[in-house]
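Fold and contact review
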Amino acid sequence: MHRPAMSSGLVMHIRPALPQDLPEIAQLHEANWRRDYAGTLPEYALGTYLSDYMERKWHNGALVDRRCLVARDGAGALLGFAAMLDAGPDGSAFLDNLHVAPAFRAQGVGRALMSSVAVLAIPGALSLEVLSANKQARAIYKAWGGAESAEFADEVLGVTVPAVTVTWRDTVWLADRLSGADV
C-alpha cells in the first residue's frame, strides 16, 4: 500500500507490519499511552507495569492474531500504526490500536491508516474502544462519522476507567468518507 505525498508535503507508505517493526510499534504505543493517559491512569500503571504490558503485547508472535499496518515516511521513520483484530465483541472488525507519532499528528497519518483499516474490514462494520477522557481521539472519530455507545467501565492496566465503543456500521462508507469521496 502506498499513499502519495500529503498536503503537508509528507510522503507516506503504508504496508503490513513485519516482525522487525514490533520494537518500534511497542515504543510508540508505550510513549503515546504515557503522554495521553497521564492524569487518567495512575502513575504506577504508566511506569514499569506499562513497559511490561507492551513487551507482552508486542512479542514476536504478535502479528499472528492481529493484522497490523505501519505508516512510514520516505526515510523509513515510523509515523504510526494500526492493529486490527478480525472480530470484536459484536462480531465486527475491531480496531485494537491506532497510534500516530506526536511529531506527525494532524498531517493525515491517522486518517490514512484508518482508511486502510476500513478497506481491510469491508464488507461490514468496524468498532474500537476509546477511553472517555481521550477527548481528542473521540472528536476525530466523531468527525469521521463514528457513533459512540453509552459509557461503560473498562479495565486498562488493572485500573477501571470509563470508556466508549465507537462504531462505523458501513466500512465502504467509512473508506469513502476518509478518502474524500462524496458520500
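Each remark here, short or long, concerns the structure printed above.
Residues numbered from 1 in each chain as written. Predicted model: local features only at pLDDT ≥ 70, side-chain atom pairs only at ≥ 80, totals over all residues. Heavy atoms only, no water.

**Topic: the overall build of the chain**
When its secondary structure is counted, the chain shows five helices and eight strands. Secondary structure elements of the chain occur, N-terminal to C-terminal, as β-α-α-β-β-β-α-β-α-β-β-β-α. In summary, the chain has a C-alpha radius of gyration of 16 Å against a globular reference of 16 Å for 183 residues, a match within 12%. For the chain, contacts bridging at least 24 residues in sequence account for 61% of all contacts bridging at least 6. Of the side-chain charges in the chain, 16 are positive and 20 negative, and the distance between the mean point of each set is 4 Å. (Helix = DSSP H or I, 4+ residues; strand = E, 2+ residues; numbered from the N terminus. Rg over C-alpha atoms; globule rule 2.2 N^0.38 Å. Contact = heavy atoms within 4.5 Å. Lys, Arg positive; Asp, Glu negative; His and termini not counted. Charge placed at Lys NZ, Arg CZ, Asp CG, Glu CD.)

**Re the pairing of strand β5 (residues 126–131)**
Within a regular strand, the side chains alternate between the two sheet faces. In terms of residue burial, β5 counts as a mostly covered element, since five of its six residues are buried. Once you follow strand β4 (residues 93–100) into helix α3 (residues 109–121) and on to β5, the crossover reads as right-handed. In the sheet, β5 pairs with strand β8 (residues 159–168) via six bridges, with the strands oriented antiparallel. Bridge pairing in β8 places leucine 131 opposite alanine 163. (Buried < 20%, exposed > 50% of the residue type's maximum accessible area, 1.4 Å probe, protein only. Right-handed = clockwise from strand over helix to strand, strands pointing away. Pairing = 2+ DSSP bridges.)

**Looking at the packing of aromatic side chains**
Counted by the stated rule, this structure contains five aromatic pairs. With centroids separated by 5.8 Å and ring planes inclined at 15°, the aromatic side chains of tryptophan 33 and tyrosine 53 adopt a geometry described as stacked. A residue pair is termed long-range when its members are at least 10 positions apart, and tryptophan 33 in helix α1 (residues 22–36) and tyrosine 53 in helix α2 (residues 48–57) qualify at 20 residues. Note on tyrosine 53: relative accessible area 25%, which makes it partly exposed. On the basis of an interplanar angle of 90° and a centroid distance of 6.0 Å, the ring pair of tyrosine 141 and tryptophan 168 is categorised as edge-to-face. You can see tyrosine 141 sitting in helix α4 (residues 135–143) and its partner tryptophan 168 sitting in strand β8, a full 27 residues away along the chain. (Phe/Tyr/Trp six-rings, centres within 6.5 Å; stacked < 30°, edge-to-face > 60°.)

**Some words on the pattern of salt bridges**
Counting across every chain of the model gives ten salt bridges. For arginine 66, the salt bridge goes to aspartate 65, with nearest N and O atoms at 3.4 Å. Residue aspartate 65 is classed as partly exposed on the basis of its relative accessible area, which comes to 48%. With a shortest N-O distance of 2.7 Å, glutamate 148 and arginine 138 are connected by a salt bridge. Note that glutamate 148 is positioned in strand β6 (residues 147–148) and arginine 138 in helix α4, a separation of ten residues in sequence. For arginine 138, a relative accessible area of 18% puts it in the buried group. What you see here is one network of salt bridges that share partners, running through Arg15, Asp21, Glu24 and Arg72. (Salt bridge = Lys/Arg side-chain N within 4 Å of Asp/Glu carboxyl O.)

**A closer look at the nonpolar core**
Core analysis: the largest hydrophobic core is formed by 58 residues, its most contacted members being Trp58, Val109, Met114, Leu126, Tyr141 and Trp168. For this core, the leading source of residues is α3, giving seven residues. The residues touching tryptophan 168, leaving out its near neighbours within four places in the chain, are Met114, Ala125, Leu126, Leu128, Tyr141, Trp144, Gly145, Gly146, Trp173 and Leu174. (Core = buried A, V, L, I, M, F, W, Y, C linked by side-chain atoms within 4.5 Å.)

**Brief notes about the side chain of asparagine 97**
On the secondary structure map, asparagine 97 appears in strand β4. Here aspartate 96 takes part through its side chain, which lies 3.0 Å from a polar atom of the side chain of asparagine 97. At 3.4 Å, the side chain of asparagine 97 and the side chain of histidine 99 are in polar contact. If sequence neighbours within four positions are ignored, asparagine 97 has contacts with His29, Lys57, Trp58, Phe81, Ala82 and Ala83. (Polar contact = N/O pair within 3.5 Å; in protein donor to acceptor, adjacent residues only side chain to side chain.)

**Brief notes about the environment of glycine 146**
By the secondary structure assignment, glycine 146 is in the loop between α4 and β6. Assessed through its relative accessible area of 14%, glycine 146 is described here as buried. The spacing of glycine 146 and tryptophan 168 is 22 residues in sequence and 5.2 Å in space, taken between C-alpha atoms. Not counting chain neighbours up to four residues away, the residues in contact with glycine 146 comprise Tyr141, Val166, Thr167 and Trp168.

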